[in-house]
Amino acid sequence: MITTGETDSTDNPMFNDMPALTTFDTTNGNLELWGAAGNRMFYGDGAVTDIKGMGDWDVSHIGHYGAGATQMFLGCIRLKAIDLTNWNNSHAVDWGVFDSIFPTDFASSTPLHNLQHLTFGPTRIFKYPQALTNQLDGNQRWDIVTHTANKCATLTYFGNTASVAAHVTSSNPAGDFYREGSGITPPCVKITSVNANGGTGGGSVDLQADTSAGTGSVTMPSATMITGNKANSLWDHWDTNSAGTGGNNWPSNRTVYFPKDTNATYTLYAQWRAAPAPKANRPTVTVPTSGSPTTRLTVDNPATHYNSEVLHVAASSAGGAAWCPSSGGCTYTYPGGGTGGTVYWTPSVGELQADYGDTYTISTWVTLTDPSTTRAVSTVPSTTNGSELTGILPYAKVGFDANGGTGAPAGTVQGLVDTASGYTRVTVPTGTIPIGAIDSGQGVSHLAFIGWSTSSTATAADATLNPGKQLGGIGAKTLYAVWKTVATPTNMGAVRIASNNQIRITGSATPWASTDTVTACVKPTGSAETAWQCANTGSADSQWDATSLSWNGANTHTWAVTLPHNADTIRAGQYDIKAYLGTNGPWQASNTAISLNTTASLRLSGAQSGLPLTGGRPQRLATLMAGGIGATLLLLAAVTCLRNQRRKARHSR
């Protein structure tokens, strides 16, 4: 509230000489004027263009001293609009004190020649018509604002200044007047067109809101003006900017209100939101213990969806297989008002790949009716939002390399990998075991196959790749045979069996199975190779030990081989012996590898019982026996002589 002091001054310019003042608005204010406080109130405010809101002013004390509101706007040369709608002078001491608010001398150097808009309210302000006709250009033509429902206000010729003066001093003085030819029109909101903004349709409209007298309203056009939605999109709202930055969020068929004096012309641009996009997940594979592998394809539903929304899925592969929608079973209709979830299908393996390693493409999309535009929408599968993806079904594909040997399984074995366990029913063959490299000199292999590895230089087999194992992993791999040289027997020795004079050769070896054999042989030193006489642990009276140690190619087992020959065959002399281990390796195929020979040269005595073959100088049996017999005979002779002497002594008594 602004209260002026009482004064009798005839020159009391309250807001005068304010060069920066362009608009004076006291719509929500209260100004109490005393005495001559209104005198030249805006005197010299040459920049002010608009004065409004001069309502609810307490002017009951103006006029005490006669000056009143004289020349209130003198010198306001740029003043274009004065709004006195709410000004009430009914409580003034002399309510004619406002008759001289305009410059009294129109011909003065500062006339209100730019004044173009006058607004009056229902309360009579001027006491005499000449308040306007004498102070403003009486010949100026004026138009009055005419209001029509749902249309912008229009201007209708009313008359000259004298006609306006007569009107505003009548019993019904309200009116909104524009000076004819000023080019100024009543404020108005116009919506002239609708732009589909990426869709199709729209067009011209004629929607108007009169804001000259107060708040105006427009019912927004229906979204059904859109005849085709933007791709992958649903209509969201109208905005006055194509990028949606106009600050408006106007719905379809809803009333929107605009403040008084809003003056704008708009084109409405459709604003779009992404249609609900499904998300395709990579197919999973189940490999059962028997039967064919199966696949499961899941699609995550959008978080929200609409009545009649249909989810579609289709698959194709590089091998030419195609699945849905041609099969007719690859759609899912959402229940109305539901929420997201997962839908699944079970295409066959052949529908996702024609061969191992084929690339499949999974495409998902939705068709629905936009509830705003009522137009059909079909989303487009895209890798960007996850509604389309490519890949291959995980598989293991295994080839075999004998790695210097021969006889590896031919071709490859392959199969799909179970998604959950990581394993497949691709099984490493058990019936086809490779043969190690052949010793060209002996025509045999000294290498035992001990398993497979993915490295050609491995010295130990990978147990996960053993024959009979099911493989895990994805993609192709080659398994290389792993070889181990068969170890030669050790700790060889021999004895002659006393009961039958047979020769028993013993030693140690590291077999992989109890069916492995040690072959031991003997022949006279210097004799031909054809003279070897042999037996093995698989023959009579020849065997491995009875130990509980496992058979693994690492644990040492003892063995004994009996040569079934009598003393006449193996006579005393120098002999060569040899032994070698024959094995099929840990996998016991029919491919036998043998060790190199372990050899020794021993001197063998003639047939005797319990004579050890030590390899040293033998004692002669005849000499030993002769000495023993001679000693026995001498002892017997002495005993006999002593007995006879005792007898003679008894008889002589």
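One numbering rule holds for all chains: residues counted from 1, following each sequence as written. The predicted origin of the model limits local features to residues at a pLDDT of at least 70 and limits the giving and counting of side-chain atom pairs to 80 or more, whereas totals for whole chains, interfaces and linings rest on all residues. Side-chain numbers come from the whole structure's heavy atoms, not from hydrogens or water.

**Some points on the overall build of the protein chain**
This is how the line gets drawn: The helix count covers DSSP runs of H or I at least four residues long, the strand count covers runs of E at least two residues long, and both are numbered beginning at the N terminus. Only protein chains enter the accessibility calculation, which uses a 1.4 Å probe; a residue whose area is less than 20% of its type maximum is buried, one above 50% is exposed, and one in between is partly exposed. Note on contacts: a residue pair is in contact if any heavy atoms of the two residues lie within 4.5 Å.
Looking only at helices and strands, one finds four helices and 45 strands in the protein chain. For the protein chain, the proportion of its 653 residues judged to be buried stands at 43%. Partitioning the contacts of the protein chain with sequence separation of at least 6, the portion at a separation of at least 24 is 72%.

**Observations concerning the pairing of strand 33 (residues 447-453)**
Let me state the cut-off plainly: What makes two strands pair is DSSP finding at least two bridges between them.
Of all seven residues in strand 33, six are buried; the element is thus mostly enclosed. As paired elements, strand 33 and strand 35 (residues 475-485) share six bridges and run antiparallel to each other. From the neighbouring strand, Ala 448 faces strand 35, where its bridge partner is Lys 484.

**Description of the packing of aromatic side chains**
To describe a pair of aromatic rings, you give the distance between the ring centres and the angle between the ring planes. Formally: Two aromatic rings, drawn from Phe, Tyr or Trp (for Trp, its six-membered ring), form a pair once their centres lie within 6.5 Å of each other, and the interplanar angle then sorts them: stacked below 30 degrees, edge-to-face above 60, tilted otherwise.
Scanning the model with the defined rule gives eleven aromatic pairs in all. Note on Phe 158 and Phe 177: the rings are 5.1 Å apart at their centroids and 70° apart in plane angle, and the pair reads as edge-to-face. With a gap of 19 residues between them, Phe 158 in strand 9 (residues 154-160) and Phe 177 in strand 10 (residues 175-179) connect regions that are remote in the sequence. Relative accessible area serves as the criterion here: at 0%, Phe 177 is assigned to the buried category. Aromatic side chains Trp 250 and Phe 258 sit 5.7 Å apart centroid to centroid with 80° between the ring planes, which places their arrangement in the edge-to-face category.

**Notes on the confidence of the model for the protein chain**
Put simply, the test is: Along the chain, pLDDT gives the predictor's confidence residue by residue, from 0 to 100.
On average, residues of the protein chain carry a pLDDT of 80, and 75% of them reach 70 or more. Residue range residues 609-628 is modelled with pLDDT below 50. Its contacts to residues more than four positions away, or to other chains, number 19 contacts.

**Observations concerning the environment of Lys 230**
Among the secondary structure elements, Lys 230 is positioned in the loop between strand 14 (226-228) and strand 15 (233-239). Taking the C-alpha atoms as reference points, Lys 230 and Gly 198, separated by 32 residues in sequence, lie 5.1 Å from one another. Contact partners of Lys 230, with chain neighbours within four places excluded, come to Asn 197, Gly 198, Gly 199 and Trp 272.

**Brief notes about the sheet that holds strand 29 (residues 412-416)**
In plain terms, the rule: As a rule, the C-alpha atoms of each element are fitted with a line to give its axis, helices using only the stretch in contact, and angles between N-to-C directions run from 0 to 180 degrees.
Pairing is mixed in the open sheet, where four strands are placed in the order 29-28-35-33. Looking along the sheet, the strands with just one partner apiece sit at the ends: strand 29 and strand 33. This sheet shows a mean twist of 25° between the axes of neighbouring strands, independent of strand direction. Strand direction decides the pairing type here: strand 28 (residues 395-401) and strand 29, joined by five bridges, are antiparallel. Note on strand 29: the bridge partner recorded for Tyr 395 is Leu 416.

**Some points on the state of the cysteines**
For clarity, the cut-off: When two cysteine sulfur atoms lie within 2.5 Å, the pair is treated as a disulfide.
As enumerated under the stated definition, the model contains two disulfides in all. Between the sulfur of Cys 152 and that of Cys 188 lies a disulfide, 1.2 Å long from S to S. Of the two residues, Cys 152 is situated in the loop between strand 8 (141-146) and strand 9 and Cys 188 in strand 11 (residues 188-195); the sequence distance between them amounts to 36 residues. There is no split in this pair, since Cys 152 and Cys 188 are both buried.

**A look at the nonpolar core**
Note the following rule: Within this scheme, the nonpolar core is defined by two criteria: the residues are buried Ala, Val, Leu, Ile, Met, Phe, Trp, Tyr or Cys, and they are joined through side-chain atoms within 4.5 Å.
Phe 73, Phe 102, Phe 120, Phe 126 and Leu 132 are the most contacted members of the largest nonpolar core, which totals 28 residues. Within the residue set of this core, elements represented by two or more residues are strand 6 (81-84), strand 7 (117-120), helix 1 (130-133), strand 8 and helix 2 (161-168). With three residues, the single largest contributor to this core is helix 2. Within the second largest apolar cluster, 24 residues are counted, among which are Ala 275, Val 343, Leu 368 and Leu 389.

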